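Breakdown of the fold
In case you want the letters, here they are:
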Amino acid sequence: MKLPRLWAQIQTLVVTSVAMLVFGLSAAYPAGAQDLPTSTEPATGNWTKMQPSSFAGTIKSAYEQCQRNADHDETDILTRQTCQEFRDFLEHGLCEVVRVPDGIVHDFMNGRTNGKSKITRNVKKQIGRNDRAFLCDLGNGVYGYWYTGIRNQSCNNVAFSFVKRPAPPPVILPPPVVTPPPPPPKRVMVVEEKCRFVKRETVQLPNTLTHVSDFEWCGCYVPGFTGMQQGGKQTSSVLKCD
């Protein structure tokens, strides 16, 4: 292979690698403040100076800073459980690397004054540059910033911004189930039966011839006889109830 051709290939490879690196860095760092979460509360002060290496650049230090903030949050938006999730996110690489511009407002920010830890509330970043930080979305509108990663510049402090959470949808209760009262019991009419005797039809009987034979009774002889029983009408009655 000729030397000029080899040199041209090397130049092409270097240019391609640099372009990919630049593209990757630009994708990881949003440019404007409007792209990053900021507190919905108004700022009461400005953060104008960053003391390099104010805190140790370790996840343990970031976790401890979060716990101090949680202990001072009267609203319980930031809790120790949230700090545990913050540490887990950092340990597993679940946070985004961003460049934080001025204008971002933090509800809580850690700092040091005369070597002592200090917590600042509702402070706006006004340092005059973009600063590298890990941004962690902890859910429920809570975002954690860890300003670390640049030697002799990052102070390794932790800050939190609470974004206004949407109001929960109203709870619509189903209409109450109204059970109709049971119908009144049916009144049973008691009908008193009326009973009476009713004559049945009349039966016409014919004349009947009756014969009695001779018989003897106590040594006496009694001759028999034949007699005629007169016929006539015969009626009967039955009990009938209505």
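One numbering rule holds for all chains: residues counted from 1, following each sequence as written. For a predicted model such as this one, the threshold for reporting local features is a pLDDT of at least 70, and the threshold for listing and counting side-chain atom pairs is 80 or more; totals across whole chains, interfaces and linings nevertheless cover every residue. The basis for every side-chain value is the complete set of heavy atoms in the structure, and neither hydrogens nor water enter the calculation.

1. Quick notes on the packing of helix α2 (residues 59-71) against helix α3 (residues 80-91)
It is at 9 Å that the axes of α2 and α3 come closest, and there the two elements cross at 160°. Considered as vectors, α2 and α3 are oriented roughly antiparallel to each other. Considering only the axes of α2 and α3, their crossing is right-handed. Along the contact surface, α2 presents I59, A62, Y63, C66, Q67, A70 and D71, while α3 presents R80, C83, Q84, F86, R87, L90 and E91. Split into classes, the residues belonging to the contact of α2 with α3 amount to 8 nonpolar, 2 polar and 4 charged. Helix axes use the C-alpha atoms of the stretch in contact, all axes being lines fitted to C-alpha atoms, and the angles between their N-to-C directions lie in the range 0 to 180 degrees. Helix numbers and strand numbers start at the N terminus; a helix is a DSSP run of H or I with at least 4 residues, a strand a run of E with at least 2. For classification purposes, an angle smaller than 35 degrees is called roughly parallel, one larger than 145 roughly antiparallel, one from 65 to 115 roughly perpendicular, and anything else oblique. Throughout, a crossing is termed right-handed when the near helix is turned clockwise from the far one, and left-handed when it is turned anticlockwise from it by less than a right angle. What makes two residues a contact is simply this: any of their non-hydrogen atoms within 4.5 Å. When residues are grouped by polarity, Ala, Val, Leu, Ile, Met, Phe, Trp, Tyr, Cys and Pro land in nonpolar, Asp, Glu, Lys and Arg in charged, and all others, Gly among them, in polar.

2. Side note on the packing of aromatic side chains
Ring pairs (aromatic) are described by centroid distance and by the angle formed between their planes. Two rings from Phe, Tyr or Trp (for Trp, the six-membered ring) form a pair when their centres sit within 6.5 Å of each other. Planes less than 30 degrees apart are called stacked, planes more than 60 degrees apart edge-to-face, and all others tilted. The final tally for this structure, using the stated rule, is 5 aromatic pairs. Plain terms: the ring middles of W47 and Y147 are 5.1 Å apart, the flat faces sit at 80° to each other, and that makes the pair edge-to-face. Of this pair, W47 sits in strand β1 (residues 45-47) while Y147 sits in the loop between β6 (142-146) and β7 (158-162), placing them 100 residues apart in sequence. Each residue's exposure class comes from its accessible area (1.4 Å probe, protein chains only) as a fraction of the maximum for that residue type: buried when under 20%, exposed when over 50%, partly exposed otherwise. Of the residues examined, Y147 reaches a relative accessible area of 0% and is grouped as buried. Relative to F160, the ring of F86 has its centre 5.4 Å away and its plane inclined at 65°; by these criteria the two rings are edge-to-face. Taken together, the positions of F86 in helix α3 and F160 in strand β7 put the pair 74 residues apart, joining distant regions of the chain.

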